[in-house]
Amino acid sequence: MDAPQQAPAGTAPSVGAAAGRIDRTLALTDGVSRLRYVSSRGASSRLDALERLGIHRVRDLFLHIPHRYVDYSHVVPISHADVGSEVTVVGTVDKVELKRPRPRLTVVELYVFDQTGVLSASFFGQPWLAEQVKRGDKVALSGKVEFAYGFKRMRAPFHEILDQSASASAYRRVLPVHPVGEGITTSWMRRIVSCALADVGDVADWLPAPLAARHGLMTLARAIREVHFPQTLATAEQARRRLAYDELLCLQVALLSRQAIELGDVRATTHKTSGPHTDALLAALPFSLTDEQRTAADQILADMAAPRIMNRLLLGDVGTGKTAVAAVALAAVADTGTQAAVMAPTSVLARQYAEKLGPVLDAAGITWALVTGATPAAERAETARRTAAGELCVTFGTTALLSDDIAFARLTFVVIDEQHRFGVDQRASLRRKGAGADLLTMTATPIPRTLALSIYGDVSLSCIRRRPRATAGVTTRVITPENLDLAYGSIRSAVDAGHQAYVICPLVDDADTGDSLGTDLDDVPESQRSRSAHVRSATSTVAVLSERVFPDLSCALLTGRMSAAEKDAVMEDFRAGKVNVLVSTTVVEVGVDVPNATVMLVHDADRFGLATLHQLRGRVGRGDWPGEVWLSCAAKQGTPARKRLSALEHTADGFELARLDLKLRREGEVLGYRQHGGITLRVSDLSADEDLVVAAHEDAQEIFAKDPSLSSPALRPMALEARDRFGAYFEELDKA
């Protein structure tokens, strides 16, 4: 462990002033083991501690930026420290007390004075402070001022022991607070970073000067210094923005580079975007396309007609009609005389696509078939034969489409719905069945534009925000488990009126922990979940409802663990009205369309992300009757969990909810992109840095338009930087 007496909190050296011999041979790509004060490996070495934080090279250390700063530059006398304000005071310790008000709870009380008054500070669960801080020590305290027991006081303030001989200017500074872990303290992290900056801080700037000037960004060397040891809080933010822009630009360059490598030697298909099948399909649709749908369809058709491979993402909130837009593109494939594949994440959704679009395609003279895991062997063999012979134009399916027995005569168009539910390899496998096939991915999960540009920087975007027709609407209410009778009463009333209901649970059965169940139990950070004593499972809930709550109603169970045939049978009964209450996990989140379902109860709603809950509530209120959604949550009023859920009570705008979700969680959690290792961002805040996201996207597009190989001397350093930061995007390409 670190020895506190070796590096007291108040003695972190200034940049360039660290003790020890400076190593001028260090480079950003060198391991941190070469840095001063980083000991060799061992049970408690600082090298191991740094590597546990993901810091393996000097570059990693420089990008491990402080997560907060303590502004000691504006110190106020204790008498001027107003109650309720956040201030910094400097004084002398008069008394140190270690108290144990109850077992396993320790409180260290410091009494500090200056020439104007006295202030007490309380530290909980840190008994060692009673040994570290002595009477007569000079300390700085930063925190919120309260008043109790006749004293101004601070609870758990940030503190630093100061050098007695230090002048006022020595501690009137902005102190960085880096994220740390076991085996390394904040003071040691500051010391190590300071030494690294002294040794390697004068880094070469890989960003072309015109780009830096265009956005008013500081140089890279200055940004690294200022983000770790800023002169002011304002310069710290300017430095962070420079590093955030670097990260976002490198991500965009990596995405576009990968696309260029993947598609560089592949010839695109130029589709016919007008013809008898397209005209017939538009006439067969039971409604006219809205302006937004028409715009999206035109963008897709323009890409399909162009002599380049399409890679487009269609974003659309629940019920905005993405399926109709995709149907227009399928008709263009028929007019071209080639084939299309439509892959859905579940057999329920794949079958629903076939049921919705099948009659429209039939009316337009477009042949089609459906392949899922539940397709009978004889029917599947016939479908495989017709697909391979080119007799079928459109094939709907699940991952069954990836099987070796499904081959296409000429696959030129691929549609993947909710693509983040598929692995990277699965998506690539389907595209490989048709070299040069145009790709349309769709999602009903609302994604903020900043997130879409960051994750899909190499993809063109189309967006549909408004529903094509007005609905009766959905009301959402958050309740506690003690008030479940309100939700049960709503379900009973709906069934009595001839309607149906969903009951959603986060787990399949009581033995589960939520891992690998196809639920979003891990969708919300642990700190934002309530601590329910018991998380409801679907199997136990359906038993309780059938036996105690609704013994006279038909209740059925639907989970991802059931076979495809079982799921199809349950959904068919539900659609036919044979099931009154469907108890399910999030398997019904995407695409399930039963207009007669008007009520939904979600148990342990705080264990789901906002985007998932918005998707779920889109399953009700789809017909001519209003929908009701009840979100059960054991968390207390005012907690982060309840605040998140209250947003659903006040807005039905999925994109607004997505923006809020992005503020609350990391970008990789919003859509469950943990599989996509390359997208984790270390510096950028996609919620706060929207302007930088857009700027980086536009700059990367401009750069690739001029030099797609990034081979010019001015851009070569950028290409190397992008590959170094986001090498995960290139691993599969390197293997090939």
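Within any chain, residue numbers begin from 1 and follow the written order of that chain's sequence. Confidence filtering applies because this is a predicted model: local features only for residues at pLDDT of at least 70, side-chain atom pairs given and counted only at 80 or more, and all residues used for totals across whole chains, interfaces and linings. To obtain the side-chain values, all non-hydrogen atoms of the structure were included, while hydrogens and water were left out.

> Outline unusual backbone geometry, supporting the account with residue identities and numerical values.
Positive phi, normally seen in glycine, also occurs at Ala156, with a value near 45 degrees. One can find Ala156 in the loop between strand 6 (151-155) and strand 7 (158-162). Overall, Ala156 belongs to the partly exposed group, its relative accessible area being 49%. Of note, Asp604 is a non-glycine position whose phi angle comes to about 50 degrees, a positive value. Inspection of the secondary structure puts Asp604 in the loop between strand 20 (597-602) and helix 19 (610-617). Numbering of helices and strands runs from the N terminus, with a helix taken as a DSSP run of H or I at least four residues long and a strand as a DSSP run of E at least two residues long. Type-normalised accessible area, obtained with a 1.4 Å probe on protein chains alone, sets the label of each residue: buried when under 20%, exposed when over 50%, and partly exposed for intermediate values.

> Any chance you could break down the confidence of the model for the protein chain for me, citing the residues and the numbers?
What pLDDT reports is the predictor's confidence in each residue, on a scale of 0 through 100. Taken over all residues, the pLDDT of the protein chain has a mean of 83, while the share at 70 or more is 83%. Ranking the helices and strands of the protein chain by mean pLDDT puts helix 7 (residues 220-228) first, with 96, and helix 22 (residues 667-670) last, with 48. Any two residues whose heavy atoms approach within 4.5 Å are treated as being in contact. Scored below 50 in pLDDT, residues 514-533 makes 54 contacts in the model with residues more than four places away or belonging to other chains.

> Describe in detail the pairing of strand 21 (residues 627-632), supporting the description with residues and values.
With five of six residues buried, strand 21 is to be regarded as a mostly interior element. Sheet topology places strand 16 (residues 474-479) next to strand 21; six bridges connect them, and they run parallel. Residue pairing in the sheet places Val474 in a bridge with Gly627 of strand 21. Each pair of strands is called paired provided DSSP finds at least two bridges between the two strands. For strand 20 and strand 21, the ladder comprises four bridges, and the chain directions are parallel.

> Please provide a residue-by-residue account of a nonpolar patch on the surface, values included.
Taken together, the side chains of Phe113, Val118 and Phe151 define a hydrophobic patch exposed on the protein surface, amounting to about 220 Å² of accessible area. Here Val118 shows up in strand 4 (residues 118-124). Surface patches are defined over residues having more than 30% relative accessible area and no salt bridge, joining like charges when they lie within 9 Å and nonpolar side chains (Val, Leu, Ile, Met, Phe, Trp, Tyr) when within 5 Å. Computed with the Shrake-Rupley method and a 1.4 Å probe, the accessible areas treat only the protein chains shown as cover for residues. Think of a salt bridge as a Lys or Arg side-chain nitrogen and an Asp or Glu carboxyl oxygen that are within 4 Å of each other.

> Lay out helix 19 with the relevant residues and their values.
Burial of helix 19 is extensive: eight of the eight residues sit out of reach of the surface. Here helix 19 has its buried residues at Leu610, Ala611, Thr612, Leu613, His614, Gln615, Leu616 and Arg617.

> Would you mind going over the pattern of salt bridges in detail, with residue names and values included?
In the structure shown here, the tally under the stated rule is 31 salt bridges. With its nearest N and O atoms 2.7 Å apart, the salt bridge here joins Asp691 to Arg241. Taken together, the residues span a long stretch of sequence, with Asp691 in helix 23 (residues 690-706) and Arg241 in helix 8 (residues 233-263) at a distance of 450 residues. Among the residues examined, Asp691 registers a relative accessible area of 43% and is labelled partly exposed. Arg241 sits in the partly exposed class, given a relative accessible area of 25%. Of the charged contacts, one joins Arg386 and Glu391 as a salt bridge, the two residues approaching to 3.6 Å between their closest N and O atoms. You can call Glu391 partly exposed: its relative accessible area is 37%. A network of salt bridges, in which partner residues are shared, links Arg57, Arg59, Glu721, Asp724 and Arg725.

> Give a description of the sheet that holds strand 14 (residues 438-443) that names residues and reports values.
Here seven strands make up an open sheet; going across it, the order is 11-12-10-13-14-9-15 and the pairing parallel. Pairing within the sheet leaves two strands with one partner each, and these edge strands are strand 11 (368-371) and strand 15 (460-464). The mean inter-strand angle of the sheet, taken between neighbouring strand axes irrespective of direction, is 15 degrees. Note: strand 13 (residues 411-417) against strand 14, five bridges, orientation parallel. Its bridge partner being in strand 14, Val414 is matched across the sheet by Leu439. Of the strands in this sheet, strand 10 (339-343), strand 11 and strand 12 (394-397) touch helix 13 (residues 377-388), which is tilted by about 135 degrees from strand 11. Lines fitted to C-alpha atoms define the axes, with helix axes restricted to the stretch in contact, and inter-axis angles between N-to-C directions lie between 0 and 180 degrees.

> Can you explain the sheet that holds strand 19 (residues 581-584)? Please cite residues and give values.
Ordered in space as 16-21-20-17-19-18, the six strands form an open sheet in which the pairing is parallel. Looking along the sheet, the strands with just one partner apiece sit at the ends: strand 16 and strand 18 (555-558). Pairs of neighbouring strands in the sheet enclose a mean axial angle of 20 degrees, with direction left out of account. Summarising the sheet, strand 17 (residues 500-504) and strand 20 pair through five bridges and their orientation is parallel. If you follow Gln500 over to strand 20, its bridge partner there is Ala597. Packed onto the sheet, helix 17 (residues 538-549) meets strand 17, strand 18 and strand 19 and runs at close to 175 degrees relative to strand 18.

> Talk me through the environment of Leu249; I want residue IDs and the actual numbers.
When you line up the elements, Leu249 lands in helix 8. Along the chain, Leu249 and Leu692 lie 443 residues apart, while their C-alpha atoms are 8.8 Å from each other. Leave out the neighbours within four places in its chain, and Leu249 touches Trp206, Leu207, Leu211, Ala696, Asp699, Ala700 and Met718.

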